[in-house]
Structure formats: C-alpha cells, structure tokens
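What the coordinates show
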Amino acid sequence: MAETCNRKLMVEVCNAKNLMPKDGQGTASAYAIVDFDGQRRRTKTKFRDLNPQWEEKLEFMVHDVESMATEVLELNLYNDKKTGKRNTFLGKVKIAGTTFAKSGEEALIYYPLEKRSVFSQIKGEIGLKVSYVDEICPPVVEAAPPEQEKKSEAPPPPPAEENLPEKEEKAEEKKSEEEKPAEEEKPPENEKSEAALAEAAKADDPPADKPKQPEEKVVIGKRSDLGLNSPVLRYLAGDRSRSSYDLVDLMPFLYVRVVKFKQPKTDSDLPAYAKLVIGTHSIKTKSQTNRDWDQVFAFDKAGLNSTSLEVSILVEEKDGDNCTERSLGTVLFDLQEAPKRVPPDSPLAPQWYSLEGYPESSPGSDIMLAVWIGTQADEAFQEAWQSDSGGLVPETRAKVYLSPKLWYLRLTVIQTQDLQLGSGNEPNKVKSPELYVKAQLGAQLFKTSRTTVGSSSSSANSNPTWNEDLIFVAAEPFEPYLVITVEDVTNGLSVGQSKVHVASVDRRTDDKSEPRSRWFNLVGGEDRPYTGRIHVRVCLEGGYHVLDEAAHVTSDVRAAAKQLAKVPIGLLEVGIRGATNLLPVKTKDGTRGTTDAYVVAKYGPKWVRTRTILDRFNPRWNEQYTWDVYDPCTVLTIGVFDNGRYKHDEAGKPGKDVRLGKLRVRLSMLDTNRVYMGSYSLTVLLPGGAKKMGEIEIGVRFLCSSWLSLIQAYGNPLLPRMHYVRPFGPVQQDILRHNAMRIVTARLARSEPALGQEVVQFMLDSDTHMWSMRRSKASWFRVVGCLSKAATLAKWLDGIRTWVHSPTTVLVHILLVAIVLCPHLVLPTVFMYAFLIIGLRFRYRQRVPLTIDPRLSYVDAVGPDELDEEFDGFPTTRSADQVRIRYDRLRALAGRAQMLLGDVAAQGERLEALVNWRDPRATGIFVLVCLLASLVFYMVPFKAFVLGFGFYYLRHPRFRDDMPSVPVNFFRRLPSLSDQIL
C-alpha cells in the first residue's frame, strides 16, 4: 500500500506572566485548556504562581490539511477552584490557522490575554510555540492474523492528560461559570454575551476523539458576538461565492466557445482558423494545423448590432509568395434562441455542427461549438476574449496584484579588529585615521558615524567601536547579499568588505531575545584576502509593520512575522460599477478624443485592477472584489486611470497611464453590514488647476463577524508592540517609508502586465513629504477650523459676561450658585450633558462616507505659480528667476511664522520671569500677592471665593472699565528674552 501523510499540530505552552490574582489570596493557580478542531487538551495546574512555567507540549491531529488555515486555535486560562474560592477565568487567546509555522521555524510568541466579556478583569500574557509537523505513516497491512486483528481493534489508551471524565469536566465548567464574580456575569438580559455563548459552545463540545460537526445554519447581516468559530466567520473566510456580484449589475455577454474542427483527410495539413461574425464585429481564432482551438469569446451584448452569429472555417493556401483563403463552410446561429446560463449552473456542453453554405464544403466537415448568454460572473469570462477590453491584450485585462512582503533588517555594527590599514606593503602614514562602516542592501545605502583609530604606530591592535544600528527595508524574495564595507576617510579607500547572505539571517518577533552576533572577515581584493574582521549583529525584525504608504491613509497595520498575524474581524466588499461623463484625455486617429479607463483599488497588500474599457466615456466595469479586514481604522483607496500602456510608440516603449481621479473610504465611518451605493466626483490636480474628470459609481459593504471584537479593536494599539518598545525616530521612519514605497513601486512595475510607476505612486501618495504652498494653506485652515471652536466658546463667554442676552447671564448666575453649593454634581452634570448633546447629534451624522474634499484641499484658491511649484521636481528644473521669486515668497511666509514663534516663546519667558527675579520689583510684587492670597484663602472658604470671583467676572458692563485689567497689564510688563536676540 502507498504511504499516507498525517499532520500534527504541536502547541507548547511555555509560561505566563503577570496574571490577575483570582483566588482571593493575592495569587492564582493557573491551568490552560486548549481547543483545536474538536479536540481538547489540558495542562497541569501551577499552584499559587502569577508567573507560572508549564513547558508542556500538546499534540492535536489535523483532520483536514487543506482547511487548517481556516481553523482557530483557542486557549482558555483558568484558576483551579481546588486551591481558591472558585474556578475563575484568567484570559483567553485565539490564534488563526494561517499563522501556524512549520516545525523548526516556530518561535516563542507572547500573546496578550484577551477578555471574554466586557466585565472581565484580565491582564498578563502567555508564551506559546505553535507549529505543525507532517509525518509519513507506515504502510497499511491489508491482512493480519485473527488475534492481531482483534488486538488492533481495541482502542489505544488515552493520554494521561485526557483521562478526566468528560461529564466531570463539563460539570466543573458549568459550576465555575455559575460561581463567577458578579462583574463577570451581568450581560444584558435581552442579548447573550460572548462569555455565555462561549461557555455554551464548550458545554456542547464532543469528546476529544470525535471531531465537531460544522454548523449548517449561516446567519448574515445580523450583529452578534458569536466569536471566531461562528458560522458568520466561516462565511466570511470561505463561502464568498454567494455574494460575489450582489454589489454590481449583471452584464449580459454572448459567449462563443470554439473547441475544434474535423473534416476528411483532404486539406487536413493546411493551417485553418475559425472566423466569427456578428454584424460589424469580426474576430478570428488562432491559425493552426491541428484544428484544436478551444477558445472562448465574450461579446458585450449591449454593443451587438445583429441578432445572428456566423461561424465559418477558412484554410490558408500558399502559392509561392501569394497566400489565399478558402472557406470550408459556415454555421449560422439565431442569437434570440441562444440558451442562458447563470452560475452555479454547470458549463454548457459543446456540440458538433455541420458546415453548410458553400458548394466546395466537404461532406462530413463538422465544428464543435457552444453558444450561450451569460454574465461577467461566468467562469469563462476571465480567460475569454473580451470585446469591450480589446480582446486578449494583456495590458487591458483584470488582474490582482500583491505587494511584496516587507521586513525591517537591523544591522548593528559593534566593532572591528585586526584592521590592516596600509595599502599593499606600504605602511599607513596617517597616525589617527578616521573610519566608518558603510552597508548596502540593493539600492539602500547607510553609513555609521566616523570614529578615530588609536594613535599608536601599529594599527593592528586598534579596535574601533560603533554600536550603531542601521535599518533597511528588505522585501521577499530577498536581495542575495548585504554588503558591509569599512571605509577610510583619510585616503578615501576601502579597508575591506564582507557579504552577509540575507536569507540566512536570524528572525525575531519581539525584543525579549537578542539575535546572535557574528564575526565576518573583511576582504580587500584579490591581492588582499584578509584585511581584518568585523563584529556585527544582523536580524530581520518581524515584530514591526513596514509602513509603505502615508501614515494618514494606511490600510494595513499587521506585523511582518507570520506568527503575529491576527484573525480578521470582518470582510470588505467593493463593487466597482462604472463611471460617467469622463473627459477625453487623448486623441484617437488624430480626429477625436477618447478615454480608455480602468480602476485600481488598494487595501492592505492586495491591489486589484479592473479590465480596461476602450473608447468609452461612460464605461461599465461591474466587478466586485473582497478583502479581509484586520483593523477598522484603515483606509481603502480607489483610483481611476486612462490606459496608455497597451499601445507602444515607434521605439516599442509603452506609454504612461494618466490619472483621472482618486477617492478614499475610511472603514471606521461605515456602518457594519450595510451597503453604500453612490457616485463620487473625480477631481485631479493639474498644472493648470483642479479639473473635474467625471464621476465613479461604487458600492461598499463592511461585514463584521463579531461586534465585540470590533469594539475591542478601538482599545488596541494601532501598530504592533515593537513600534512602542523600540520606536524609530520621525526622520528615520520617513526614510524607511520612502524606501518601502520605492521597493513596492519597483516590484509592481516588474509584474506582467505591469502596474505602472505613476499609478503606484499616485495610490500611495508618495509625494506628501514635498513642499506645497497649497497643502500648507490647507493645513493652516484646518488648524484655524479646530481653534475656531475654542474661539466660539470664548465669544459666547464674553457675551455672557457683557450681558448681551440678560436672561442667559442670569441663568449662568444661578448655575454658578448651584455649582458652588453642590460641587459633587459638577462632573456628573458635565458628562450627562455631553451624553445628551452628542447622542442627539447622531441623527445628523453623515449618511454617505466622505471622500476627498476639493474645498478642504484648497484647490480652488491656489495660483498657477503655486501649482507649478507643487509639480516641480526635486531638485528644481525651473529657471533661476522663478526660483528666486518662490524663495522670496517662502521667506516672507517664514518671516510671519518666525514672528508667531517668537511671540509664543515670549509668553513662556514672562512666566519664568515671575520666579527668576529678572525684574526684582515685579517679582517682589508677585511674592507679596502670593502671601496675601495665602492669608485670604486661609480665612475665606473656597466656595465663597469661587462664588465671589464668578459674580465679579459676570458683573454688569456699567461696573466695568474699558481699559485692560491690572493682572493683564502686570503680565505684559514682565521681561522676556526677545531683547537679547541679535
């Protein structure tokens, strides 16, 4: 018998840290219960330890290897009730099957313990190693002696850790849930909490030797806290075909499948092809001698101008240099009688049709065809010849692209030893040479700081030390080598270099373990095989997320390491329906304008590109795509472009795609399980100003599997843990982001068909770091808009104190008295007022997701010179006069900003002058005022002071003076450091 392969999942429960005390004595006796694929395992109990160490390995059988990625490993941590008051919950962890590593590649990962309900009090983390191993089973024995067969039928004894009776385990869990603390068992009465559903699911678990049966019922569109093993999530992760095209319109297409042609032996050695004619549409198959074409043609039914299809077979005959075509017959079809097919119907079987219509047609000549009316949901559509996108042109086909997987590569340069600083046999004459280390990965080049070697005559004993980190962006598949070079600044020569194989570099997921350091020999060339050695530490940082897009439009925040991946919380569905009133961007045949439009959508590492609809100003794509959502506070980016790459110039180089507009959709602004349909304006910024290029119609739906998981996501850090424990500086982060953008752009440009550099840069907003007067004005008015709320409040208070509306001022007096007499009601009143006001504003919220706002972008009030400056490259290519004018304008703007900064600094310096005795008389007055204030506050109750100050502040205008108050005059007279500035 052939050998079969089994897969086992190995879960090593290592330790836990900083658990919540739950036994009533300031400690906990923890044990873990692990569930996977209907199997349950339990660890031992570690008594009275908030940082328990288990180091236990648990094995699980993987029943279906192909569906392992859709399974979820769940670990629940409990306090043993035998040592405490009750069997209480200590936390849980859920790990998606997509994160399981192969045996030998696993790493110790610390997972934060999650709550089971809103009222749970959980803290700490647990360290796990999860991996799978494939085992080759021995050959199966077909026949065995009766005694052996009877013995083999006896079930093997269960492991010691599974010998607990199932009923006793269920009873303990049920009892422990009944005895849970009050704060953990008060879910809403009319809605089951996640904890209750989870415990109910556990109570219904089959024994460990019987796998769970999958749920049959699928609930879609209801908010529920069903957890990650719910039918809703299984729908989101697997069965997506049910809603593949419900956000778009189904477009009718005429499908013609030409399979093959048979005829008598005459003419069988001549190349032949099939010709399809529908009105003015005519298309040919490949010309070949074997007559087996098996090609599918899809005609847009709305563009057909005939109701009959003519299929003819033609052979090519060569007479010297002349090539003639001869028809072997024709088959006619009435398209009104063509059958209709809608998936999931089975494909239509092709049939044999006899050729007719020509006297020379040979008897017995038949062609195998299939003709049907379908939609873009047909399985044959993607690989078919398409009439609305130019046929089989690769640059016009719909494609899905994936960004390369990015890592941060950290190179720590520690020190060098045994450096041979001379060139050849000549000794180095410089007493104190300066050295630095240069490292290069692909096009990225970074250098350390300079260090001076000791002044001894022999430099062989000098050991220059740096201890500096150099961070690179590495993309899979990795560049072959990281080149490390030691440079001598004194003579400008290289001391030596070494190469590190990137694929062999260690990987880590957190900062709890340092990667190993290594020594590498430095090679100076063929004549200098050894010039010293360098001590470095190299590792691939899997605990970071490599930012490859602008921070304000990020669409993915997951860590690079596979082991740190999380389970998706929902599904994003986008239907790209069509566009209307597009403007022409090029000419066709030099006579009229045309547009060949397509759409690119980007979310996370997945890019989708629709097919190009040629020569239409109102194209209809009607294509639908899906993405997994891991964080709700992310942004979907959609761009519309004119295809200029499917045509090449005289030199054979493709053209460039022209951008028609872009829109963004923030997922946090979408209601879950709701469809948003609408048309959005496409505005593009050109050197001549902003221009509306048309409108795009899309449909968006955000499906969420667990409402509780969605709410918990708002309390989690936006980026992985390493970004906070070992953060990068702002300047370094910007450099790494632009390096990542360049790598993604280069990789996608090398795809087939290529996603152009101009397209990727436009989608990633790669020019946000460039200076723009328009963006500066937009940012300034955004700041003013935020401060205007405070200005409105200050104006309202000024109206109260100046008695503009007397009844309102009287009511404020009454409110002041109430606050003084009942101060304990201040905070409850403020928060209740906020609850009512914000709750009432829910009715007036935005019903349609907001996209790019031209008014907020300040595109209508910007001059042509400012736009030309924004489109200018770096370094500039403009004339010296233009640069001088722009520089003078920038100097004027910077001068105003300089004055503002100086005024802000002066106010802070005046506050410092109060206590620094820079003005002895002013500080003396302030000291006396402090003394009198202390005596007054000692004798006068605080409530009386607040009430008196409030009445004084709200006094009638007839009791006010028009001049500034004494405190204001005193503060303005305090000295600042402005008079000491040159």
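Residues numbered from 1 in each chain as written. Predicted model: local features only at pLDDT ≥ 70, side-chain atom pairs only at ≥ 80, totals over all residues. Heavy atoms only, no water.

Spatially, the five strands line up as an open sheet ordered E16-E17-E10-E13-E18, and their pairing is mixed. Where the open sheet ends on each side, the last strands, each with one partner, are strand E16 (351–354) and strand E18 (385–386). Across two bridges, strand E13 (residues 292–300) lies against E18 in parallel orientation. Paired with Ala-298 across the two strands is Gln-386, which belongs to E18. (Pairing = 2+ DSSP bridges. Helix = DSSP H or I, 4+ residues; strand = E, 2+ residues; numbered from the N terminus.)

Here we take up the packing of aromatic side chains. A complete count under the given rule lists 20 aromatic pairs for this structure. Ring plane angle 70° and centroid distance 6.1 Å describe the contact between Phe-36 and Phe-60, whose orientation is recorded as edge-to-face. Of this pair, Phe-36 sits in strand E2 (residues 30–36) while Phe-60 sits in strand E4 (residues 53–61); the two residues are 24 residues apart in sequence, bridging distant segments of the chain. Considered together, Phe-36 and Phe-60 belong to a single accessibility category, that of buried residues. The side chain of Lys-262 reaches across the aromatic face of Trp-352, ending 4.6 Å from its centre. The ring of Phe-762 is capped by Lys-662, whose NZ or CZ atom sits 4.2 Å from the centre of that ring. (Phe/Tyr/Trp six-rings, centres within 6.5 Å; stacked < 30°, edge-to-face > 60°. Buried < 20%, exposed > 50% of the residue type's maximum accessible area, 1.4 Å probe, protein only. Lys NZ or Arg CZ within 6 Å of the ring centre and 35° of its normal.)

Here the focus is the pattern of salt bridges. Taken as a whole, this structure holds 52 salt bridges when the rule is applied. Its salt-bridge partner being Asp-615, residue Arg-592 comes within 2.5 Å of it at the nearest N-O pair. With Arg-592 in strand E32 (residues 592–594) and Asp-615 in the loop between strand E34 (606–609) and strand E35 (620–629), this residue pair connects regions lying 23 residues apart in the sequence. According to the relative accessible area criterion, Arg-592 is partly exposed, its value standing at 40%. Each of Arg-410, Asp-469, Arg-508, Glu-514, Glu-541 and Arg-726 takes part in salt bridges that share partners, so that together they form one network. (Salt bridge = Lys/Arg side-chain N within 4 Å of Asp/Glu carboxyl O.)

Moving on to the nonpolar core. Nonpolar side chains in soluble globular proteins tend to end up buried together. Within the largest apolar cluster, 36 residues are counted, with the highest numbers of intra-cluster contacts made by Leu-572, Trp-627, Leu-636, Ile-638, Leu-663 and Ile-696. Mapped onto this core, the elements with two or more residues apiece are strand E30 (570–580), strand E33 (597–603), E35, strand E36 (635–642), strand E37 (658–666), strand E38 (675–686) and strand E39 (689–704). Counting residues per element, this core draws most heavily on E39, which supplies six residues. If you look at the next biggest cluster of nonpolar residues, it comprises 34 residues, including Ala-16, Tyr-31, Ile-95 and Tyr-111. (Core = buried A, V, L, I, M, F, W, Y, C linked by side-chain atoms within 4.5 Å.)

In terms of burial, strand E20 (residues 406–417) is a largely internal element, twelve of the twelve residues being buried. As judged from the nine bridges shared by E20 and strand E24 (residues 465–475), these two strands associate in the antiparallel manner. Within the sheet, the bridge partner assigned to Tyr-408 lies in E24 and is Val-473. In this sheet, strand E29 (residues 533–541) lies alongside E20 in antiparallel orientation, the contact comprising nine bridges.

On to the UniProt feature "transmembrane region" (unreviewed entry) in the protein chain, then. If you check UniProt for "transmembrane region" (unreviewed entry), the listed places come out as residues 810–838 and 925–954 in our numbering. Taken as a whole, residues 810–838 contains 86% helix and 0% strand, while its terminal C-alpha atoms sit 26 Å from one another. The span residues 925–954 shows a helical share of 90% and a strand share of 0%, and its end C-alpha atoms are spaced 27 Å apart. (UniProt positions renumbered as here; feature names shortened; annotations may be inferred.)

On to helix H9 (residues 773–801). Relative to the 42 Å expected for 29 residues at 1.5 Å per residue, H9 spans 41 Å between its end C-alpha atoms, a close match to the ideal helical length. The sharpest bend along H9 reaches about 30° and sits at Leu-787. Of all the residues in H9, the buried ones are Met-773, Arg-774, Ala-778, Gly-799 and Ile-800. Summarising the contacts, the buried residues of H9 are in contact with E38, helix H10 (806–821), helix H12 (864–871) and helix H13 (880–916). Once H9 ends, the next one or two residues include Trp-803, with phi positive near 60°. (Expected span 1.5 Å × (residues − 1). Bend = angle between axes of the 7 residues up to and from the residue. Contact = heavy atoms within 4.5 Å.)

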